[in-house]
Amino acid sequence: MTTPTLTGRGTGSNTALGLGCSVLFLLPFAGVGVFTAFQALRAAAASNWPQAGFLSIFALTFGGVGFGGLIAVAAGRRRLIDAEARQAQHPDAPWLWRPDWASGVVTDSSKTELWTSWVFAALWNLIGLPSGVLGARAAMREGNRLALIALVFPAIGLGLLAWAVRVTLRYRRYGVSRFELSRNPGVVGHALAGTVRTPSDLRPPEGFDVVLSCIRRETTGSGKNRSTTEHLLWQDERRTMGGPDGLPVAFAIPSDARPSDPGMSNDRVLWRLRVTGEVPGIDYSAAFEVPVFRTAESDAPTTDADRAAAAASIVAADYRQPAGSRIQVSTTRRGTEIYFPPARNPGFAIGITVFTAIWMGAIALMLVLHAPMLFPIVFGLFALLLVYLLLGAWLGVTRVIAGDGQVTIATGWLTPQRERTVGAGDIKGVTTRITSQQGDTAFYDITIETTAGTRVAAGRSIRDKREAEWLAATIAKAVAPR
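Residues numbered from 1 in each chain as written. Predicted model: local features only at pLDDT ≥ 70, side-chain atom pairs only at ≥ 80, totals over all residues. Heavy atoms only, no water.

## As for the overall build of the protein
Helix and strand counts for the protein come out as 9 helices and 18 strands. Along the longest, intermediate and shortest principal axes, the C-alpha atoms of the protein span 95 × 60 × 45 Å. Looking at the protein residue by residue over its 482 residues, the buried ones come to 39%. Pairs at least 24 residues apart make up 64% of the contacts formed inside the protein by residues separated by at least 6 positions. Carbon and sulfur atoms provide 62% of the accessible area of the protein, an area that totals close to 26,400 Å². With 48 positive and 37 negative side-chain charges, the protein shows a spacing of 6 Å between the two charge centroids. (Helix = DSSP H or I, 4+ residues; strand = E, 2+ residues; numbered from the N terminus. Buried < 20%, exposed > 50% of the residue type's maximum accessible area, 1.4 Å probe, protein only. Contact = heavy atoms within 4.5 Å. Areas by Shrake-Rupley, 256 points an atom, 1.4 Å probe, with all protein chains shown as cover. Lys, Arg positive; Asp, Glu negative; His and termini not counted. Charge placed at Lys NZ, Arg CZ, Asp CG, Glu CD.)

The following block contains the structure:
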């Protein structure tokens, strides 16, 4: 019998230590906030309004970080006490350690995103606006062109304000959505199933896109060097129209999938269910962190519900490519030919183009402002990689011909040139795997696994998982013995 994986056990003491360190970190901010507020009042009493305004901004910034953070720590401590009590009560059922998971009704993250967007935008602008003003003043009075870099901060602040406004408008229109689990938790080797309750009048013309992702969230560094990255481990998606009783959701969970980690560690696994719908105005979007665990049921035989969820994941024999797909499949005298044309993922290519342009602009600004040459050189080396990725996104092509007992793969820019052939006897299998991501969007490569243990790419950056699986099955079928 398989017992639940309790990856969150033992994290309580670490979390308590983290809360204590947070308090020590925030107290100086609160102290500076109180001191500068007192100085601002004194300046106002002396009718020194420019100084009073400047000190008030600092008081709001430091006081907001300090006291706001202390309030958040106090709330976190209460949640920690509640979580430890639940953990002690249900040591072998980690899906009961969180109140929302225990209730079987998970609310989306819209309210959290709303508060986060406004707090972050406010703090950034309180710091960025004075920095931009002081930088511009220095540039004009002292001829210090390097100080103009400070104008980047208020520009980013405007972007953050636009993000906060958009999040607010979405929240006002759609409110909070809920995911009601029909079986709690989702079980590794079986299924995650339930119903998403959306606004009753919401009917996207093209239906809802429902995506379930297994994500590894890793936090590294500390202090101002602290950063968090998310890596997609597995993903599946559906498109459904929904109905008056809500949006039914059912996903088969692979038997080798990693379970949720309910702890607060710096390296944890979470499962996210995201539902989106394109409608006039602001599109609908809701995200839920859902419980998926390995339980004693993981070794039990599959049920009818599991088989129904798995059937939705299987590429049907009459599968047709998406209408917007640019990948071309045809039959020639040499066998089945699959052609991956250039710029087949324009959204991905545009994203790389914009990022590369910003990066190049930063290098140009360093040269204009006569920054130490070490910085342009280091940035330039990374720019070479960006340019290579950029050319591949816009110009990269691949042609795969499967038939006559072999698979021939030709790659190049604009036209296929470099060829590689793999005999059918050397092919162990044709699979798909996630090799890149853009936010929550996964891109798949078709991989030929050889009997020698090597992997050969036979198609890259395929946005649609079903299409990638169908193409892999098409290649495998074309080289299978008849």
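## Observations regarding unusual backbone geometry
Residues Asn 184 and Pro 185 are joined by a peptide bond in cis, for which omega reads 5°. Positive phi, close to 55°, is recorded for Ala 343, a residue that is not glycine. If you trace the backbone, Ala 343 turns up in the loop between β12 (335–340) and α7 (346–368). Even without being a glycine, Ser 461 presents a positive backbone phi close to 55°. For Ser 461, the location among the structural elements is in the loop between β18 (455–457) and α9 (465–479).

## Observations regarding the pattern of salt bridges
Inspection of the entire model under this criterion finds 18 salt bridges. Salt-bridge contacts for Arg 98 lead to Glu 289; the nearest nitrogen and oxygen are separated by 3.4 Å. Of the two residues, Arg 98 sits in the loop between α2 (49–89) and α3 (99–103) while Glu 289 sits in strand β9 (residues 284–290), which places them 191 residues apart along the sequence. Of the residues examined, Arg 98 reaches a relative accessible area of 22% and is grouped as partly exposed. Residue Glu 237 is joined to Arg 463 by a salt bridge in which the shortest nitrogen-to-oxygen separation is 3.4 Å. With a gap of 226 residues between them, Glu 237 in strand β6 (residues 227–240) and Arg 463 in the loop between β18 and α9 connect regions that are remote in the sequence. Owing to a relative accessible area of 34%, Arg 463 belongs among the partly exposed residues under this scheme. One continuous salt-bridge network, built from bridges that share partners, spans Arg 217, Glu 230, Arg 272, Arg 274 and Asp 440. (Salt bridge = Lys/Arg side-chain N within 4 Å of Asp/Glu carboxyl O.)

## Focus: the pairing of β12
The element β12 is largely enclosed, with a buried count of 5 among its 6 residues. Note that strand β11 (residues 328–332) and β12 share 5 bridges and pair antiparallel. Opposite Gln 328, over in β12, you have Tyr 339 as the bridge partner. Linking β11 to β12, which pair antiparallel, is a turn of 2 residues. Pairing of β12 with strand β13 (residues 396–403) involves 5 bridges; the strand directions are antiparallel. Bridge pairing links Tyr 339 to Arg 399 in β13. (Pairing = 2+ DSSP bridges.)

## Re the sheet that holds strand β16 (residues 427–438)
In spatial order, the strands read β16-β17-β18; together these 3 strands make up an open sheet with antiparallel pairing. Only two strands of the sheet have a single neighbouring strand rather than two, namely β16 and β18. Averaged over neighbouring strand pairs, the angle between their axes works out to 40° when direction is ignored. The pairing of strand β17 (residues 441–450) with β18 spans 3 bridges and is classified as antiparallel. Bridge pairing in β18 places Thr 447 opposite Ala 457. (Axes fitted to C-alpha atoms, helices over the stretch in contact; angles between N-to-C directions.)

## Examining α9
Given a rise of 1.5 Å per residue, 15 residues ought to cover 21 Å, and the 22 Å separating the end C-alpha atoms of α9 matches this to within 8%. α9 sits mainly inside the fold: 11 of its 15 residues count as buried. At the N-terminal end of α9, a side-chain oxygen is found 3.0 Å from the backbone nitrogen of Arg 466, two or three residues along, and the residue is Asp 464. (Expected span 1.5 Å × (residues − 1). Polar contact = N/O pair within 3.5 Å; in protein donor to acceptor, adjacent residues only side chain to side chain.)

## Comments concerning the sheet that holds β12
Taking strand neighbours across the sheet as the criterion, the 5 strands line up as β11-β12-β13-β14-β15 in an open arrangement whose pairing is antiparallel. Of all strands in the sheet, those bounded by a partner on one side alone are β11 and β15 (418–423). The sheet shows a mean angle of 15° between the axes of neighbouring strands, direction not considered.

## As for the pairing of β13
Buried residues dominate β13, accounting for 7 of its 8 residues. Two elements, β13 and strand β14 (residues 406–413), share 8 bridges in a ladder whose sense is antiparallel. The residue of β14 that forms the bridge with Ala 402 is Val 407.

## Concerning the packing of aromatic side chains
Counted under the stated rule, the structure contains 13 aromatic pairs. By way of ring pairs, the aromatic residues Phe 355, Trp 359, Phe 379 and Phe 382 are connected into one cluster. If you follow Arg 98 out to its NZ or CZ, it ends over the ring of Trp 101, 4.2 Å from the centre. (Phe/Tyr/Trp six-rings, centres within 6.5 Å; stacked < 30°, edge-to-face > 60°. Lys NZ or Arg CZ within 6 Å of the ring centre and 35° of its normal.)

## Some thoughts on helix α5 (residues 152–174)
An ideal rise of 1.5 Å per residue puts 33 Å on 23 residues; α5 measures up with 33 Å between its terminal C-alpha atoms. The set of residues buried in α5 consists of Pro 154, Gly 157, Leu 160, Ala 164, Val 167, Thr 168, Arg 170 and Tyr 174. Immediately beyond the C-terminal end of α5, within one or two residues, lies Gly 175, with a positive phi of roughly 65°.

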